[in-house]
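# Topology and contacts: notes
Chain by chain, the residues:
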Amino acid sequence: MHKRHFIPSIMILITILVLSACNQGIDTSSWEKFTIQESPGFDIEFLVPPDWETNYLLPMETAPGQWKVTLRPPRCSSDQSADYEEDCITLTAYVKGEAAFEEDEVLALISQNISLSQENNAESILMGQSSFDVNGLTIQRFDHKIPSATGDVQLSYYFFQTDNAYYTIMADFPYDEREDRTAEQFQRVLQSITIAE
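Here the structure is a predicted model, which means the values were calculated and not measured. (Residues numbered from 1 in each chain as written. Predicted model: local features only at pLDDT ≥ 70, side-chain atom pairs only at ≥ 80, totals over all residues. Heavy atoms only, no water.)

A few words on the environment of threonine 168. Within the secondary structure layout, threonine 168 lies in strand 9 (residues 165–174). On the basis of relative accessible area, threonine 168 is assigned to the buried category, the value being 17%. Put simply, threonine 168 and alanine 93 are 75 residues apart on the chain and 6.7 Å apart in space, counted from C-alpha to C-alpha. With residues near it in sequence (within four places) discarded, threonine 168 still touches Thr90, Leu91, Thr92, Tyr94, Phe101, Tyr158 and Phe159. (Helix = DSSP H or I, 4+ residues; strand = E, 2+ residues; numbered from the N terminus. Buried < 20%, exposed > 50% of the residue type's maximum accessible area, 1.4 Å probe, protein only. Contact = heavy atoms within 4.5 Å.)

Pasting the structure below:
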């Protein structure tokens, strides 16, 4: 008789633990706001974890209106040998009216398998595409899997635009770690994107 009551109690306890684990989000209260003040065309801002490094390059003469931002978490993968030695997230802004950017060509390229060599003997595998809304912006996502002898990689491309610029984000993580803590933090960075005030 006691066994029958014991099993449902265990099931309820497991359900509560699973639900509470799902509700434990990442605390972003100490995250820092990032934007580029020097460029009025760079019209977004977002939150970055305090232990991430951010760096951006001024547009080159050969690429006017193009701002490249590197987001560097301490570790992009669990087998990284030292902190901050790898770049795995790059955001590029193309200011409208200044930078050359062909939206249709870019979307056509990233929405299919992508050649990874000049000989066309290796290519990424498009695993899926989706879109989601963040603070009034629609972000398109394209996930690619890159087979590798040292471990497969998930390469994700994101695209969105504002009144002033087109934005692309490229993020790569080991395929087996695509939902680990760093990747989860990156998703929170994406969810914090908003138009700069």
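More follows now that the structure is in view.
Glancing now at the packing of aromatic side chains. Taken as a whole and judged by the stated rule, the model has 12 aromatic pairs. For the ring pair phenylalanine 173 and phenylalanine 186, a centre distance of 6.3 Å and an interplane angle of 50° mean the geometry is tilted. With phenylalanine 173 in strand 9 and phenylalanine 186 in helix 3 (residues 181–191), this residue pair connects regions lying 13 residues apart in the sequence. Its relative accessible area of 7% is what places phenylalanine 173 among the buried residues. Here a set of aromatic residues connected by ring pairs shows up, and it is made of Phe34, Phe42, Phe46, Tyr56, Trp67, Phe160 and Tyr167. One cation-aromatic arrangement involves lysine 96 over tyrosine 166; the distance from NZ or CZ to the ring centre is 4.8 Å. Just above the ring of tyrosine 175 sits the side chain of arginine 178; from NZ or CZ to the centre is 3.9 Å. (Phe/Tyr/Trp six-rings, centres within 6.5 Å; stacked < 30°, edge-to-face > 60°. Lys NZ or Arg CZ within 6 Å of the ring centre and 35° of its normal.)

The residue glutamine 154 is located in strand 8 (residues 153–161) in this model. Here serine 156 takes part through its side chain, which lies 3.3 Å from a polar atom of the side chain of glutamine 154. Dropping the residues within four chain positions of it, glutamine 154 is found in contact with Arg141, Asp143, His144, Ala171, Asp172, Phe173, Pro174, Tyr175 and Arg178. (Polar contact = N/O pair within 3.5 Å; in protein donor to acceptor, adjacent residues only side chain to side chain.)

Before going further, it helps to spend a moment on empty space enclosed by the protein. Going through the model one piece at a time under the given rule, you end up with one cavity of 30 Å³ or more. Sorting the residues of the lining of the largest cavity by element identifies strand 5 (89–95) and helix 3 as the ones contributing at least two each. If one sorts the elements of the lining of the largest cavity by residue count, helix 3 sits on top with three residues. Across the lining of the largest cavity, the residue classes break down as nine nonpolar, no polar and no charged. (1 Å grid on protein atoms, 1.4 Å probe; cavity = no way out; pocket = protein on both sides within 12 Å on 5 of 7 lines; lining within 4 Å. Points joined across faces, edges and corners; volume = space filled by probe spheres on them. Nonpolar A, V, L, I, M, F, W, Y, C, P; charged D, E, K, R; others polar.)

Further remarks concern the nonpolar core. By size, the foremost hydrophobic cluster in this structure holds 34 residues, and its most contacted members are Phe42, Phe46, Ile89, Ile169, Phe186 and Ile193. Contributions of two or more residues to this core are made by strand 2 (44–48), strand 4 (66–72), strand 5, strand 6 (125–134), strand 7 (137–146), strand 8, strand 9 and helix 3. A per-element tally of this core places strand 9 first, with five residues. Apart from residues lying up to four places away in sequence, isoleucine 89 is in contact with Trp52, Val69, Thr70, Leu71, Pro73, Ile169, Met170, Ala171, Phe173 and Phe186. Within the second largest apolar cluster, 12 residues are counted, among which are Tyr94, Phe142, Tyr157 and Tyr166. (Core = buried A, V, L, I, M, F, W, Y, C linked by side-chain atoms within 4.5 Å.)

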